[in-house]
Amino acid sequence: MNQWKNFTKGFIKENPVFVLLLGLCPTLGVTTSAFNGLGMGLATTFVLVCSNLVVALVSKQIPDKVRIPTFIVIIASFVTIVELMMQAYVPALFDSLGLFIPLIVVNCVVLGRAEGFASKQSVTSSIFDGLGMGLGFTFALTILGGIREILGNGSFFDVKLIEGDAIIIFILSPGAFIVLGYLIALMNKMNKKIT
Amino acid sequence: MEYFIIIISAIFVSNIVLNQFLGICPFIGVSGKVSTSIGMSGAVLFVLTIATMVTWLIQIYILIPFGITFLQTIFFILVIAALVQMVELILKKVSPPLYQALGIFLPLITTNCAVLGVAIQAHSKNFNLMESVVFAIASAIGFGLAMVIFAGMREHLDLMKVPAGMKGVPIALVTAGILAMAFMGFSGLV
């Protein structure tokens, strides 16, 4: 029951993007299509789960003073793994995400969970927390990417829905800010209704 | 001329915040007041320039000769983290007034993706040392420009009547979207 809670809280109640407002740079930067959002989300999820696991394992041994640098090195190692794997197996996605893959290192979601959750909790809880948070992040990115792709390109996951011209501004940078703004407003409204 | 193009494109055309989405966290987080946003921009200018210079030297003289460029991410983030700490210590000793002004913003900069992003970009664009430094300074000015304009707008927003659900971050994001739209007018300039 408790693990289930650790897993599900990342989706709505503590969604890293819509509620905690963490990791906004990749959220805005890569979501020009639903597929890019999904790819970025899954890459971040992998890093989150692995770094949460390792941090939970070693946190007792790390002196308090060098805690944050150690966490950053652990995270950076996993980001490098993801970077090399994506370059080898999904080069097209790697190219379209570009700069934002190495930038997973400075994604506040990852460091925030390592510091705020994994360093204090048991290994299994940390894995579930990482998985939940990661999938919540993926969920947010896919929705945002999907909306922007439908409005700006008339397609969803590269399947053409609307023929003819679309509202190109939603694919460009202003669209990212505006769509995210309205999504957060919607989320605020929904969360208020639930509680 | 070359430098001029780098400067104009980094400040206006591909503005680091509004066009490339780097450094969004401080952009949204500390842009409540014009005075704090100026302080943050100053700290970013300082760290960004030094970090880009140091990481450029590391890339050319350590990573490439030893053939370990795949460790770029780990090296860069460690250097930036150490550098921020060092800048903080040095400022505290050498210039207490400057430390007073920038102090609280410095720790936040380690996790500012603008710093790492610019350092990596300086390599993917194949800049030499001088160009990288100019690029870093111009990017930081672009960050400051966007930040100060945005803070000014948010100060006005506080006085406006905003629908309940849109209060705070949502309306700020929509405003940022309109600001980004204004900056799109610069595209095609270079």
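Residues numbered from 1 in each chain as written. Chains lettered and ligands numbered in written order. Predicted model: local features only at pLDDT ≥ 70, side-chain atom pairs only at ≥ 80, totals over all residues. Heavy atoms only, no water.

1. What about helix H8 (residues 129-157) of chain B?
Working step 1: With 29 residues, H8(B) extends 42 Å from end C-alpha to end C-alpha; this agrees with the ideal 42 Å at 1.5 Å per step.
Working step 2: Two or three places before Met130(B), at the opening of H8(B), Asn128(B) has a side-chain oxygen 3.2 Å from that residue's backbone nitrogen. (Helix = DSSP H or I, 4+ residues; strand = E, 2+ residues; numbered from the N terminus. Expected span 1.5 Å × (residues − 1). Polar contact = N/O pair within 3.5 Å; in protein donor to acceptor, adjacent residues only side chain to side chain.)

2. Comments concerning the environment of Phe156(A)
Working step 1: Relative to the elements of secondary structure, Phe156(A) occurs in strand S1 (residues 155-156).
Working step 2: Put simply, Phe156(A) and Gln121(A) are 35 residues apart on the chain and 39 Å apart in space, counted from C-alpha to C-alpha.

3. Quick word on the confidence of the model for chain B
All names here are of chain B.
Working step 1: The share of residues in chain B with pLDDT of 70 or more is 96%, and the mean pLDDT across the chain is 84.
Working step 2: The least confident element of chain B, judged by mean pLDDT, is helix H6 (residues 106-109) at 72; the most confident is H8 at 90.
Working step 3: Across the interfaces of the predicted complex, the ipTM metric reaches 0.82, alongside a pTM of 0.85. (pLDDT = per-residue confidence, 0-100.)

4. Looking at the side chain of Gln121(B)
Working step 1: Here Gln121(B) shows up in helix H7 (residues 113-124).
Working step 2: With sequence-adjacent residues up to four places away left out, Gln121(B) is seen in contact with Leu99(A), Gln20(B) and Phe135(B). (Contact = heavy atoms within 4.5 Å.)

5. Things to note about the environment of Leu22(B)
Working step 1: Residue position: Leu22(B) is located in the loop between helix H1 (2-13) and helix H2 (24-29).
Working step 2: Apart from residues no more than four positions distant in its own chain, Leu22(B) is found in contact with Cys25(A), Leu99(A), Phe100(A), Leu103(A), Ile16(B), Val17(B), Cys113(B), Ala114(B) and Gly117(B).

6. A look at the packing of helix H4 (residues 72-94) of chain B against H7(B)
Residue and element names in this part refer to chain B.
Working step 1: Look at H4 against H7: their axes get within 10 Å of each other, and the N-to-C directions meet at 130 degrees. Judged by the inter-axis angle, H4 sits oblique to H7. Once H4 is placed against H7, the crossing between them reads as right-handed. Mapping the contact onto sequence places Gln72, Phe76, Ile77 and Ile80 in H4 and Val115, Leu116, Ala119, Ile120 and His123 in H7. (Axes fitted to C-alpha atoms, helices over the stretch in contact; angles between N-to-C directions. Parallel < 35°, antiparallel > 145°, perpendicular 65-115°, else oblique. Left-handed = near helix turned anticlockwise from the far one by under 90°.)

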